[in-house]
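Read off the chains here:
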Amino acid sequence: MDSTSPILVTIPFCKPQELTEETQLLQHTKVEGFLNMINWEHIHITHSNIRPAKRQTILFNFNAPVINLYFSLEGNQQIYKTTNNKRVFTKNTCNLLYTPEKTLNQDHLYTKKTSNNVQITITVTYFKERIHMIYPILDVFKHYIEHKKFKWLNDENLSVTPEMHSILKEILACKQQGLLKTLFIEGKVIKLIMLLLEQFE
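Here the residue numbering is sequential within each chain, running from 1 through the sequence in written order. Note on the predicted model: pLDDT of at least 70 is required for a residue's local features to be given, and 80 or more for side-chain atom pairs to be given and counted; whole-chain, interface and lining totals, by contrast, use all residues. The basis for every side-chain value is the complete set of heavy atoms in the structure, and neither hydrogens nor water enter the calculation.

Chemist: It is not clear to me how the environment of Ile 50 should be interpreted in this structure. Could you clarify?
Modeler: Strands here are runs of E lasting at least two residues and helices are runs of H or I lasting at least four, both read from the DSSP assignment and numbered beginning at the N terminus. Summarising the element assignment, Ile 50 is placed in strand β4 (residues 43-52). With 24 residues separating them in the primary sequence, Ile 50 and Leu 26 have C-alpha atoms 7.8 Å apart. Residue contacts follow a heavy-atom distance rule, with two residues in contact if any of their heavy atoms lie within 4.5 Å. Contact partners of Ile 50, with chain neighbours within four places excluded, come to Leu 26, Val 31, Glu 32, Gly 33, Phe 34, Gln 56, His 108, Lys 113, Thr 114 and Ser 115.

This is the structure:
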C-alpha cells in the first residue's frame, strides 16, 4: 500500500530542560488528526491520534539511545527500524523496546478507522537509574543494551490493562504545570513500566 510523506518528530534530550508541550494539527487530504507531545529532560511522550487515507509513517529522530514504551489504544500500527524487525500492534497491545539507533519508524496502517497510540520515550540512563533491574526478563534485555542492539522486551506484544488505560488517561489529561507536572508524569511513567514488567510474573 502506498504511503504519504513521513511526519518527522525530533526528540532532543538535553540538560537542563523544563517540561514543554506542543500540539501539531494534521489537516491534509491524506491524513487528519493531531500529535500531542510532552518533552522533558529524560522523558518524551507522543500521543498520536490520526486517521490516514493511506499508510502514514511517523519518523522519530533521537539524539541518544532510548527505551520506548508503546501503547496501541485503537487501530493498527507497526514499529520498526528495518524491515527485518517490524512489529505490528493491534488495539490494546503494548511492548517495550530498546533503540540504539537514532531513528525509529511508526506506521499507522489504513483501516478506515482512527489510529490512536501513546509512545513514551525515555533515556537509557534514566531507565537504569529508576528501574531496579531485578526482573528475570530484564537479564536478556540488559545484554542487548550493553551491546547496543535493537531489542523488544518480549517476543509477543502484551495487553494494555485497565489500570494502564487509566494511567495513560491521567497523564494526557494532567492540568498541572511546571515541576508539579514533571513529578506527576515521572511517577506515572515508572508505574506503567512496573505494570508492564508484572505481566511476566
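Chemist: What's the story with the pairing of strand β5 (residues 56-62) in this structure? I'm lost.
Modeler: A regular strand carries its side chains on alternate faces of the sheet. Burial analysis of β5 places six of its seven residues in the buried class, which makes it a mostly covered element. When DSSP finds two or more bridges between a pair of strands, those strands are recorded as paired. As paired elements, strand β1 (residues 7-11) and β5 share five bridges and run parallel to each other. Across the sheet, the residue bridging to Leu 8 is Leu 59, located in β5. The rule is simple: take the accessible area with a 1.4 Å probe, protein chains only, and divide by the maximum for that residue type; under 20% is buried, over 50% is exposed, in between is partly exposed.

Chemist: What is the right way to look at the sheet that holds strand β8 (residues 87-89) in this model?
Modeler: What holds strands together in a sheet is hydrogen bonding between their backbones, with the strands either parallel or antiparallel. Reading across the sheet, the five strands line up as β1-β5-β10-β7-β8 and stay open at both edges, with mixed pairing between neighbours. Of all the strands in the sheet, the pair left with one neighbour each is β1 and β8. Here the strands of the sheet are splayed against their neighbours by 20° on average, with no regard to which way each runs. Here six bridges tie β5 to strand β10 (residues 103-108), and the two strands are oriented antiparallel to one another. Looking across to β10, one finds that Ile 58 is bridged to Gln 106. Throughout, an axis means a line fitted to C-alpha atoms (over the contacting stretch in the case of helices), and angles, computed between N-to-C directions, take values from 0 to 180 degrees.

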